[in-house]
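Analysis of the macromolecular model
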Amino acid sequence: MRAGYVFSEVATGLRRNVTMTIAMILTTGISLGLLGLGLLIVKMTDDTKAIYGDKVEILIYLTADQSKEDPNCLQPLCSGLLTELQANPEISEVYFESQEQAYERYKKQFANQPAMLEIATADALQASFHIKLYDPQRFEVITQQYGDRQGVGSIQDQAAFLERLFVVLNGMRNATIILAVIQAAAAFLLISNMVQIAAYTRRTETEIMRLVGASRWRTQLPFLIEAVVAGLIGAAIAVGGLFAVKTFVLDRTLGALFRSGILPAVSTADLVTVAPILGGAGAVLAAVSAYVTLRLYVRI
Amino acid sequence: MIHLSHVSKSYKTSTRPALDDVSLDVEKGEFSFLIGPSGSGKSTFLRMLLREESPSKGEIVVAGHNLGKMRRSKVPAHRRSLGCVFQDFRLLQNKTVDQNIAFALEVIGRPRSVIKKVVPEVLDLVGLEGKANRMPHELSGGEQQRVAIARAFVNRPLLLLADEPTGNLDPDTSGDIMLLLERINRTGTTVLMATHDNNIVDSMRRRVIELQLGKIVRDESRGVYGVGR
Ligand SMILES: Nc1ncnc2c1ncn2[C@@H]1O[C@H](COP(=O)(O)OP(=O)(O)OP(=O)(O)O)[C@@H](O)[C@H]1O
Ligand SMILES: [Mg+2]
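Positions within a chain are numbered from 1, following the residues in the order the chain's sequence is written. Here chains are named by letter from A upward and ligands by number from 1 upward, in the order in which they appear as written. Totals for whole chains, interfaces and linings use all residues, but because this is a predicted model, local features are given only for residues with pLDDT of at least 70 and pairs of side-chain atoms are given and counted only at 80 or more. Side-chain descriptors were evaluated using all non-hydrogen atoms of the structure, hydrogens and water having been removed beforehand.

1. A look at helix 6 (residues 171–186) of chain B
All names here are of chain B. Note the threshold: Only DSSP runs of H or I reaching four residues or more are called helices, and only runs of E reaching two or more are called strands; each is numbered from the N terminus. Every helix has an expected span of 1.5 Å times one less than the residues it contains. Each residue's exposure class comes from its accessible area (1.4 Å probe, protein chains only) as a fraction of the maximum for that residue type: buried when under 20%, exposed when over 50%, partly exposed otherwise. Any two residues having at least one pair of non-hydrogen atoms within 4.5 Å are treated as being in contact. Under this definition, polar contacts are N or O atom pairs within 3.5 Å; protein pairs additionally need one hydrogen-donor-capable and one acceptor-capable atom, and for neighbouring residues in sequence, both atoms have to be side-chain atoms.
With 16 residues, helix 6 should reach 22 Å at 1.5 Å per residue; the first-to-last C-alpha distance of 22 Å fits that figure. Within helix 6, the full set of buried residues consists of Thr-173, Ser-174, Ile-177, Met-178, Leu-180, Leu-181, Glu-182, Ile-184 and Asn-185. If you follow the buried residues of helix 6, they end up packed against strand 3 (31–35), helix 4 (112–125), helix 5 (141–153), strand 7 (159–163), strand 8 (190–194) and helix 7 (198–204). Measuring from the backbone nitrogen of Asp-172 back to the side-chain oxygen at the start of helix 6 gives 3.2 Å, which picks out Asp-170 as the cap. Two residues or fewer after helix 6 comes Gly-188, characterised by a positive phi angle close to 105°.

Below, the structure written as structure tokens:
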């Protein structure tokens, strides 16, 4: 069997019912695009966990006045607080960060963003205690014990913030994957429909093939390849769509957070990793749909 | 070549069996007509030899292969050893004459070199030399049937089945087609032809198998179409 011959059949087949093929390719593309989005969100969640990892801290911010009056935590109010924190059995680690050190960290974080650097001075930042708990869930205890203390401004729990972030990310992931599955079902039916139409328009060919003794496999192959090619085009559209979303939506709106390392960026490399998965999923979806359809509806 | 014993065929949607307890032998190299009124089961008979349909009862052996026991995967190979032509020619309208024949060879995996060689040969044999590049709609009915016969014969089948091959043709053209089928028969190919055409049957004086309501009512070795028809 000559590949060139089969492929010319496939090309004619795809052109033959253009509208149907386009509908099918777009639906497959949307389905795979959503799947890809889901996978990227999973990747992002993992990356976020990696960035923060065991670095999650509770930050006790001192008031602006306190930060300025005692920049190096030498006076009793501040050093007393530090000693108390060090003695607290719930706390595994604690250190003091001065206004100046906070500013250094800030400068490093936003090193490549002059705009962010301009708006901040050391004065605008607060000194803080960075705390790690033995049991990160026990955040409440810290708020209760130190929330009302003199010199303490606010208490921030990074773990709680991340927790909320993960809830949002996981929700988005589930939503995209559910939508992807629904779209995949639609794509499956459209592929089946496409194959039925193709088989109908080519019934004379198929009939002759059957009579002259072409194998079942040889008779089905053009339909299968046609469906798989359409599926792969759908996957290409999905990858293109994801790339567009990355470049024109994510990088524009969240670029600052990406560059500062607060949120993990979606990289071109991530898209390159996802692309073959989408291609494979598209091809398999199309092939399975076509195969089942040929088995059920088409006498070969 | 063909052996049927007590073959019956009932279609699910019909009350009367299309074939009813048919037993028959056709020898290698024979030329036989299958006649009978419309609905008597001629096409059903031929379709079962192609294993397009399976009998409800009985045994069919074609060229040494028992069709009842044949695995589905062996059916294509079985069909390759047969050729078949129909009243409606069944040509691909978007392919030229030689492409139509080449198609039948391509899809069973014949190498291109073989195809290049045998297609002109078989076109010569059926008298279509010089028409290789015509489209089917540029040919007369008789010429289209010649293409179909060429396609059926290009693999030198042991058995050629023809279902009313002259049904759409005028008497002269039909006569030419019959001469062609006779020539094919002389190469050793067994020919079994279903027909309504009494002139053809009467002039050929070959074996005549007559079906009525699915039963064989007559089987004569040098028969005519029938009296009083
Ligand atoms: N696919 C089918 N499903 C149900 N019944 C069928 C089918 N094909 C044929 N029949 C019935 O079987 C009987 C025999 O049909 P068949 O086509 O074999 O007759 P025939 O002798 O070829 O007739 P004709 O000379 O008109 O071609 C008829 O009663 C027909 O209605
Ligand atoms: Mg018939």
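2. Thoughts on the state of the cysteines
Here a disulfide denotes one covalent bond, and it connects the sulfur atoms of two cysteines. All names here are of chain A. Put simply, the test is: Here, a disulfide means two cysteine sulfur atoms that sit within 2.5 Å of each other.
With the rule as written, the count across this model stands at 1 disulfide over all chains. Between the sulfur atoms of Cys-73 and its disulfide mate Cys-78 the distance is 2.0 Å. Its S-S torsion of about -100° marks the bond between Cys-73 and Cys-78 as left-handed, since a negative value means left-handed. With respect to burial, Cys-73 and Cys-78 carry one shared label: buried.

3. Some thoughts on the site of ligand 1
All names here are of chain B. For clarity, the threshold we go by: Nearness of a residue to a molecule or strand requires only that one of the residue's heavy atoms be within 4 Å of it. The protein chains shown are the only cover counted for residues, whose accessible areas, like all others here, come from Shrake-Rupley with a 1.4 Å probe. In this classification, Asp, Glu, Lys and Arg are treated as charged, Ala, Val, Leu, Ile, Met, Phe, Trp, Tyr, Cys and Pro as nonpolar, and every other residue, Gly included, as polar.
Among the 15 residues in the neighbourhood of ligand 1, the closest are listed as Ser-38, Gly-39, Lys-42, Ser-43 and Thr-44. In the environment of ligand 1, an oxygen atom lies 2.8 Å from a nitrogen or oxygen atom belonging to the backbone of Gly-39. Thr-44 is positioned such that a nitrogen or oxygen atom in its side chain is 2.5 Å from an oxygen atom of ligand 1. For ligand 1, whose free accessible area comes to 630 Å², the fraction covered by protein is 67%. Grouping the amino acids of the shell around ligand 1 by side-chain chemistry returns 3 nonpolar, 8 polar and 4 charged.

4. Details of the domain arrangement of chain A
All names here are of chain A. Put simply, the rule reads: Note that domain bounds follow an automatic or database assignment of domains. By buried area we mean the combined loss of accessible area, with a 1.4 Å probe, across both parts when two parts are placed together. Within this document, salt bridges are pairs made up of a side-chain nitrogen of Lys or Arg and a carboxyl oxygen of Asp or Glu, the two lying within 4 Å of each other.
Per the domain assignment, the segments making up chain A are domain 1 (3–52 + 163–296) and domain 2 (64–150). Measuring from the centre of the C-alpha atoms in domain 1 to the corresponding centre in domain 2 gives 49 Å. If you look at the interface, domain 1 gives 4 residues, while domain 2 gives 4 residues. For the pair domain 1 and domain 2, the summed buried area comes to about 350 Å², and 52% of that belongs to carbon and sulfur atoms. Counting the contacts that link domain 1 with domain 2 gives 0 salt bridges. Residue composition of the side of domain 1 that touches domain 2, by class: 2 nonpolar, 1 polar and 1 charged.

5. Things to note about the sheet that holds strand 4 (residues 152–157) of chain A
Residues and elements named next belong to chain A. Basically, it comes down to this: Two strands make a pair as long as DSSP finds a minimum of two bridges between them. What counts as an axis is a line fitted to C-alpha atoms, over the stretch in contact for a helix, and the angles between N-to-C directions run from 0 to 180 degrees.
In space, the 4 strands of this open sheet follow the order 2-3-1-4, with antiparallel pairing throughout. Bordering the open sheet on either side are strand 2 (91–97) and strand 4, each of which pairs with just one other strand. Between one strand and the next, the sheet's axes are offset by a mean angle of 20°, whatever the strand orientation. Relative to strand 3 (residues 128–133), strand 2 runs antiparallel, the two being bridged by 6 bridges. Residue Phe-96 lies in a different strand from strand 3, and its bridge partner there is Phe-129. The sheet strands contacting helix 7 (residues 139–146) are strand 1 (58–62), strand 2, strand 3 and strand 4, and the helix crosses strand 4 at an angle near 175°.

6. A look at the interface of chain B and chain A
Across the boundary between the two partners, chain B contributes 24 residues, which contact 17 residues of chain A. A combined buried area of about 1,900 Å² lies between chain B and chain A, and 53% of that area is made up of carbon and sulfur atoms. In terms of surface lost to chain A, no three residues of chain B exceed Glu52(B), Phe103(B) and Val107(B), which account for 28% of the buried area on that side. For Arg210(A), the salt bridge is made with Glu52(B), and the minimal N-O distance between the two is 2.7 Å. Counting every contact that joins chain B to chain A gives 4 residue pairs in polar contact (both at pLDDT 80 or more). Of all the secondary-structure elements, those providing two or more residues to the side of chain B that touches chain A are helix 2 (75–80), strand 6 (82–86), helix 3 (97–106) and helix 4 of chain B. Classifying every residue of the side of chain B that touches chain A by side-chain character gives 12 nonpolar, 2 polar and 10 charged.

7. What to know about the sheet that holds strand 8 of chain B
All names here are of chain B. Read from one edge to the other, the open sheet built from 6 strands follows the order 6-7-8-3-9-10, with strand pairing classed as mixed. Either end of the sheet is taken by a strand with one partner, and the two such strands are strand 6 and strand 10 (215–220). The mean inter-strand angle of the sheet, taken between neighbouring strand axes irrespective of direction, is 15°. The pairing of strand 3 with strand 8 spans 4 bridges and is parallel. In the strand pairing of strand 8, Leu-34 is matched with Ala-194.

8. Remarks on the confidence of the model for chain B
The test is simple: You can read pLDDT as the predictor saying how much it trusts each residue, on a scale of 0 to 100.
When pLDDT is averaged along chain B, the result is 93, and 99% of the positions lie at 70 or above. Our summary of model confidence lists the complex with pTM equal to 0.75 and ipTM equal to 0.88.

9. Thoughts on the packing of aromatic side chains
Residue and element names in this part refer to chain A. The following threshold applies: When two rings of Phe, Tyr or Trp (its six-membered ring) have centres within 6.5 Å they constitute a pair, described as stacked for plane angles under 30 degrees, edge-to-face for angles over 60, and tilted for the intermediate range. Over a ring means this: the NZ of a Lys or the CZ of an Arg is within 6 Å of the ring centre and within 35 degrees of the ring normal.
In total, this model carries 2 aromatic pairs over all chains according to the counting rule given. One Lys or Arg, Lys-49, reaches over the ring of Phe-166 and ends 5.0 Å from the middle of that ring. Positioned above the aromatic ring of Tyr-200, the side-chain terminus of Arg-203 is 4.1 Å from the ring centre.

10. Looking at the nonpolar core
All names here are of chain B. Worth spelling out the cut-off: Put simply, a nonpolar core is a bunch of buried Ala, Val, Leu, Ile, Met, Phe, Trp, Tyr and Cys residues held in one set by side-chain atoms that sit within 4.5 Å of each other.
Ranked by size, the top nonpolar core spans 40 residues in total, and within it Phe-33, Ile-101, Ile-149, Met-178 and Leu-181 carry the most contacts. Among the elements of the structure, strand 3, helix 3, helix 4, helix 5, strand 7, helix 6, strand 8 and helix 7 are those that each provide at least two residues to this core. A total of 6 residues in this core trace back to one element, the largest contributor, which is helix 5. Apart from residues no more than four positions distant in its own chain, Met-178 is found in contact with Phe-31, Phe-33, Thr-166, Met-193, Ile-200 and Met-204.

11. Some remarks on unusual backbone geometry
All names here are of chain B. With phi around 50°, His-6 is a residue other than glycine that occupies positive phi space. Summarising the element assignment, His-6 is placed in strand 1 (residues 2–9). The class of His-6 is exposed, set by a relative accessible area of 51%. For Arg-156, which is not glycine, the phi dihedral falls at a positive 50°. Among the residues examined, Arg-156 registers a relative accessible area of 46% and is labelled partly exposed.

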